Amino acid sequence: MTVSGWGRYPVLSAQVNAPRDLAALQRHIAAGNAIARGNGRAYGDSAISETNTISTRHFNHMCAFDRETGQLVAEAGVLLRDIIESFLPRGWFPYVTPGTKFVTLGGMLAADVHGKNHHKDGSFAECVDWIDLIDGSGAITRCSRTENPDLFGWTIGGMGLTGVIVRAAIRLRPVESSWIRQRTLPASDLDHAIDLFEASLDATYSVAWIDCLQRGKGLGRSLVMLGEHAPVAELGDRQRVAPLAYAQKRKKTVPLDFPGWSLNRYSVQAFNKLYYWKGRRTPRETLVDWDSYFYPLDAILGWNKIYGRRGFAQFQCAIPLDQSRAGMRALIEAISAAGAGSFLSVLKRFGAQQSPFSFPMEGYTLSLDFPVNAQTLALMEQLDKVTLDHGGRFYLAKDSRMSRDTFAKSEPRLEQFIAQREKLHATPAFQSAQSERLGL
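Note that the coordinates shown come from a computational prediction; the quantities given were computed from them, not determined experimentally.

Chemist: Even after reading the chapter, I still don't get the overall build of the protein, so can you show me in this structure?
Modeler: Across its full length, the protein carries 14 helices and 21 strands. On C-alpha atoms alone, the protein measures out to a radius of gyration of 21 Å, which is about the 22 Å that the 2.2 N^0.38 rule sets for 440 residues. Across its three principal directions, the C-alpha atoms of the protein cover 60 × 55 × 45 Å. Of all 440 residues assigned to the protein, the portion counted as buried reaches 58%. Per element, the accessible surface of the protein, about 18,300 Å² overall, is 51% carbon and sulfur.

Here's what the structure looks like:
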């Protein structure tokens, strides 16, 4: 069948297997050149093997929950949406969450996802107690910080290249309500936005929408949005009736592919002006529901179709703290000069992190979406170079087009990762189209 990531680029012909039990899963792994695939929300080709893509969608059971500690044991194919639906009404919420709830537990572990609270709470690895991993021989190994710690460390963020995750134990955080107290802070330019981030390191959540088409003194103007889980005492009378309600919103759907020309400099520029104008007039502090704060794009089903049939490519880099202002400025200047503004541009602050192969580093991360065409692919190569010039690196869960040479220059841990894969006998048992492209 033809398979792609969420960006719908590249599209590959792949053999996809969907085992229904552990014995069948182990047989498919033994065939070699395997890679696990959850809900297909990696943007590129990191969860595709042309010869042996293994779907985990049938491994979707929640096994146990400890009400005292918040520890949840679940299989790798469980969706984050289902975890929230089951446990938010009971007063528990994910400790770390990415920008969509339509991802699987296994996918979050493989990518070591991060959220709007990385500066304070770290990446998803921080809430993981243990993992059960199937190696190339079909054997299941439990790994944690104290039991097989090397395997544990290289698996989280290892993009499925150390084995297939079958189940894991993670910790949820207790919350009093399903509401978020949001503060919206307009920033006149990039330096102002970074100053607001640095002054708000005590906030649990922080994220900025950034206008990448603005030039001159308004370069990088932004809306910085801070968030806290609202206690019951801060809710209004209406919200207090059911403070932990899991609101089911009516979803909008993109029914067909937009024309390729619909997202251009002028349409994105008009959207940016309207969004910034609206954000400046939003009350500085307001209560928003959890879904709107963490997962705004999930409200539009099939939103990837707005980029047209060719699909889109996402660019996400992290730049170390001492280079962040200069690096982010250079990135935004390149985008603005090219006139290829990203419809979705997000800036976040990363905290310190030391891990074997995960993406985050202390500094700032910029995430951008571009429709696939010759101009934007050339621009992203230019952005690659800017990132390298400022000591940055790239997020494999978002990558669909990076060159092997660029990746090698960005990743000083590459040789050690390859050596660990060989030590674990994970080569060539586990391979993805991305790992072959990048030499992983």
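Having put the structure on the table, let's press on.
Chemist: Sorry if this is basic, but what is going on with the sheet that holds strand S19 (residues 345-350) here?
Modeler: One key point about sheets: their strands pair by backbone hydrogen bonds, in either a parallel or an antiparallel sense. The strand order S16-S12-S14-S13-S19-S20-S18-S21 describes an open sheet built from eight strands, whose pairing is antiparallel. Each edge of the sheet is formed by a strand with only one pairing partner; in this case those strands are strand S16 (285-289) and strand S21 (393-394). In terms of strand pairing, strand S12 (residues 179-187) meets S16 through five bridges, oriented antiparallel. Note that in S16 the partner of Trp179 across the bridge is Asp289. Strands strand S13 (205-210), strand S18 (312-320), S19 and strand S20 (363-371) of the sheet are contacted by helix H10 (residues 324-338), whose axis makes an angle of about 15 degrees with S20.

Chemist: Looking at this model, I keep getting lost on the packing of aromatic side chains. Mind explaining?
Modeler: Two measures describe an aromatic ring pair: the distance that separates the ring centres and the angle between the ring planes. Evaluation of the coordinates by the stated rule reveals 21 aromatic pairs. Ring geometry for Phe357 versus Phe417: centroids 4.0 Å apart, planes at 5 degrees, classification stacked. Of this pair, Phe357 sits in the loop between S19 and S20 while Phe417 sits in helix H13 (residues 414-423), placing them 60 residues apart in sequence. The rings of Phe93, Tyr205, Trp290, Tyr293, Phe294 and Tyr295 are connected pair by pair, giving a single aromatic cluster. Its guanidinium or amino end placed over the ring of Trp6, Arg41 lies 3.6 Å from that ring's centre, counting from NZ or CZ. Here the guanidinium or amino end of Lys398 rests over the ring plane of Tyr43, the centre of that ring lying 5.2 Å away.

Chemist: How should I be thinking about the pairing of strand S14 (residues 222-229) in this particular structure?
Modeler: Looking along a regular strand, one sees side chains alternate from face to face of the sheet. Counting buried residues along S14, seven of its eight residues qualify, which places the element largely inside the surrounding structure. Summarising the sheet, S13 and S14 pair through six bridges and their orientation is antiparallel. Bridge pairing in S14 links Ala208 to Val224.

Chemist: Mind showing me how you'd approach the packing of helix H6 (residues 190-198) against H10 here?
Modeler: When two helices pack together, their arrangement is captured by the angle between the axes and the distance separating the axes. At a minimum axis distance of 10 Å, the contact between H6 and H10 shows a crossing angle of 140 degrees. With respect to H10, the element H6 is oriented oblique. Considering only the axes of H6 and H10, their crossing is right-handed. Contacts between H6 and H10 pair Leu190, Asp191, Ile194 and Asp195 from the former with Arg325, Met328, Arg329 and Ile332 from the latter. The residue makeup of the contact of H6 with H10, split by class, is four nonpolar, no polar and four charged.

Chemist: Explain the pattern of salt bridges here, please?
Modeler: Here the idea is simple: oppositely charged side chains can pair when their charged atoms come close. Inspection of the entire model under this criterion finds 23 salt bridges. Across the pair Asp384 and Arg401 runs a salt bridge, and its minimum N-O distance is 2.6 Å. Residue Asp384 is located in helix H11 (residues 374-389), and its partner Arg401 is located in the loop between S21 and helix H12 (404-410); the two are separated by 17 residues in the primary sequence. Given the relative accessible area of 17%, Arg401 is considered buried. Within this structure, Asp191, Asp195, Arg325 and Arg329 form a network of salt bridges that share partners.

Chemist: Please clarify how the side chain of Glu411 should be interpreted in this entry.
Modeler: For Glu411, the position within the fold is in the loop between H12 and H13. When sequence neighbours within four positions are dropped, the list of residues in contact with Glu411 reads Phe357 and Arg393.

Chemist: What should I look at first to understand the sheet that holds strand S3 (residues 16-17) in this one?
Modeler: Within the open sheet, the three strands sit side by side as S3-S5-S4. Their pairing is parallel. Since the sheet does not close on itself, it has two edges, and those belong to S3 and strand S4 (35-37), each with one partner. By the bridge criterion, two bridges tie S3 to strand S5 (residues 53-55) in an arrangement that is parallel. Looking across to S5, one finds that Asn17 is bridged to Ile54.

Chemist: Looking at this structure, how should I read H6?
Modeler: Every α-helix winds through 3.6 residues per turn, so residues three or four apart in the chain are directed the same way. Listed in full, the buried residues belonging to H6 are Leu190, Ala193, Ile194, Leu196 and Phe197. Projected onto a plane normal to the axis of H6, the buried residues spread over an arc of 155 degrees and lie on a single side. On its buried side, H6 packs onto S12, S13, S14, H10, S19 and S20. One side-chain oxygen at the N-terminal end of H6 lies 3.3 Å from the backbone nitrogen of Asp191; it belongs to Asp189.

Chemist: Mind showing me how you'd approach helix H2 (residues 80-87) here?
Modeler: The set of residues buried in H2 consists of Leu80, Ile83, Ile84 and Phe87. Seen along its axis, H2 keeps its buried residues to an arc of 95 degrees; they face one direction.

Chemist: Got a minute to help me understand the domain arrangement of the protein in this structure?
Modeler: How big an interface is tends to be stated in terms of the accessible area lost upon association of its parts. You can read the domains of the protein as domain 1 (58-176) and domain 2 (179-406). Once you take the C-alpha centre of each, domain 1 and domain 2 turn out to be 24 Å apart. With 35 residues of domain 1 at the contact, the number on the domain 2 side is 40 residues. Buried surface at the junction of domain 1 and domain 2, both sides included, amounts to about 3,100 Å², of which 61% is carbon and sulfur. Considering only the side of domain 1, the residues that lose the most area to domain 2 are Lys116, His119 and Glu176, jointly responsible for 25% of the buried surface there. The residue Asp291 makes a salt bridge to Lys101 at a minimum N-O spacing of 2.9 Å. One can count 16 residue pairs in polar contact (both at pLDDT 80 or more) joining domain 1 with domain 2. Mapped by element, the contributors of at least two residues to the side of domain 1 that touches domain 2 are H2, helix H4 (118-121) and helix H5 (149-155). For the side of domain 1 that touches domain 2, the per-class residue count stands at 13 nonpolar, twelve polar and ten charged.

The rules we used
- Residues numbered from 1 in each chain as written.
- Predicted model: local features only at pLDDT ≥ 70, side-chain atom pairs only at ≥ 80, totals over all residues.
- Heavy atoms only, no water.
- Helix = DSSP H or I, 4+ residues; strand = E, 2+ residues; numbered from the N terminus.
- Rg over C-alpha atoms; globule rule 2.2 N^0.38 Å.
- Buried < 20%, exposed > 50% of the residue type's maximum accessible area, 1.4 Å probe, protein only.
- Areas by Shrake-Rupley, 256 points an atom, 1.4 Å probe, with all protein chains shown as cover.
- Pairing = 2+ DSSP bridges.
- Contact = heavy atoms within 4.5 Å.
- Axes fitted to C-alpha atoms, helices over the stretch in contact; angles between N-to-C directions.
- Phe/Tyr/Trp six-rings, centres within 6.5 Å; stacked < 30°, edge-to-face > 60°.
- Lys NZ or Arg CZ within 6 Å of the ring centre and 35° of its normal.
- Parallel < 35°, antiparallel > 145°, perpendicular 65-115°, else oblique.
- Left-handed = near helix turned anticlockwise from the far one by under 90°.
- Nonpolar A, V, L, I, M, F, W, Y, C, P; charged D, E, K, R; others polar.
- Salt bridge = Lys/Arg side-chain N within 4 Å of Asp/Glu carboxyl O.
- Arc of directions from axis to C-beta.
- Polar contact = N/O pair within 3.5 Å; in protein donor to acceptor, adjacent residues only side chain to side chain.
- Domains from an automatic or database assignment.
- Buried area = accessible area lost by both parts, 1.4 Å probe.

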